[in-house]
Amino acid sequence: MTANEAKTKFGEVLLMSQREPVHISKHGKPVAVLVSSEDFVSTDELKLELLRLRAERAREQIAAGDTVDGGQFFDQLLQGNDD
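One structure accompanies this document, and this report is about it. Values in this document were obtained by computation on a predicted structure and should not be read as measured data.

**Remarks on the pairing of strand β2 (residues 29–34)**
- For β2, a buried count of 0 out of 6 residues is recorded, marking the element as mostly open to its surroundings.
- Joining the antiparallel neighbours strand β1 (residues 22–26) and β2 is a turn of 2 residues, in which His27 adopts a positive phi near 55°.

**Let's talk about the side chain of Ser36**
- If you trace the backbone, Ser36 turns up in the loop between β2 and α3 (37–63).
- The buried category is assigned to Ser36, whose relative accessible area is 5%.
- Polar side-chain contacts of Ser36 include one of 3.0 Å to the backbone nitrogen of Asp39.
- Setting aside residues up to four positions removed in sequence, Ser36 forms contacts with Ser17 and Gln18.

**Quick notes on α3**
- The end-to-end C-alpha distance of α3, which contains 27 residues, comes to 39 Å, matching closely the 39 Å that a straight helix rising 1.5 Å per residue would cover.
- In the segment just after α3, Gly65 is the residue with positive phi, at about 80°.

**As for the pairing of β1**
- Where β1 and β2 come together, 5 bridges link them in antiparallel fashion. The partner of Ile24 across the bridge, within β2, is Ala32.

Thresholds applied
Residues numbered from 1 in each chain as written. Predicted model: local features only at pLDDT ≥ 70, side-chain atom pairs only at ≥ 80, totals over all residues. Heavy atoms only, no water. Buried < 20%, exposed > 50% of the residue type's maximum accessible area, 1.4 Å probe, protein only. Helix = DSSP H or I, 4+ residues; strand = E, 2+ residues; numbered from the N terminus. Pairing = 2+ DSSP bridges. Polar contact = N/O pair within 3.5 Å; in protein donor to acceptor, adjacent residues only side chain to side chain. Contact = heavy atoms within 4.5 Å. Expected span 1.5 Å × (residues − 1).

Okay, structure coming up:
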C-alpha cells in the first residue's frame, strides 16, 4: 500500500494491521511495516530471548577458554563473520 493510501484510509489500515502486517511504500520504495501491538511485543520478546541465549553461549565459551584476541574479533565483525 502506498503512503498516501495509508494516510487516507488510516482507520482501515489499523484494522488490517490487526490481521497481518501492512507494508507501506513511498515513491515505490518500502518505508514501513505496520503491525499489531501484540505482534510487535512478541517480536520484541523473541529478540530479547535471542540476545539472552547469545549471552549465555558467550559465557559458556569464556568459561571453556574459547576466546579470541580482541583485534581478531573486530576484524571478523568488519568482515561480517559475527556468528
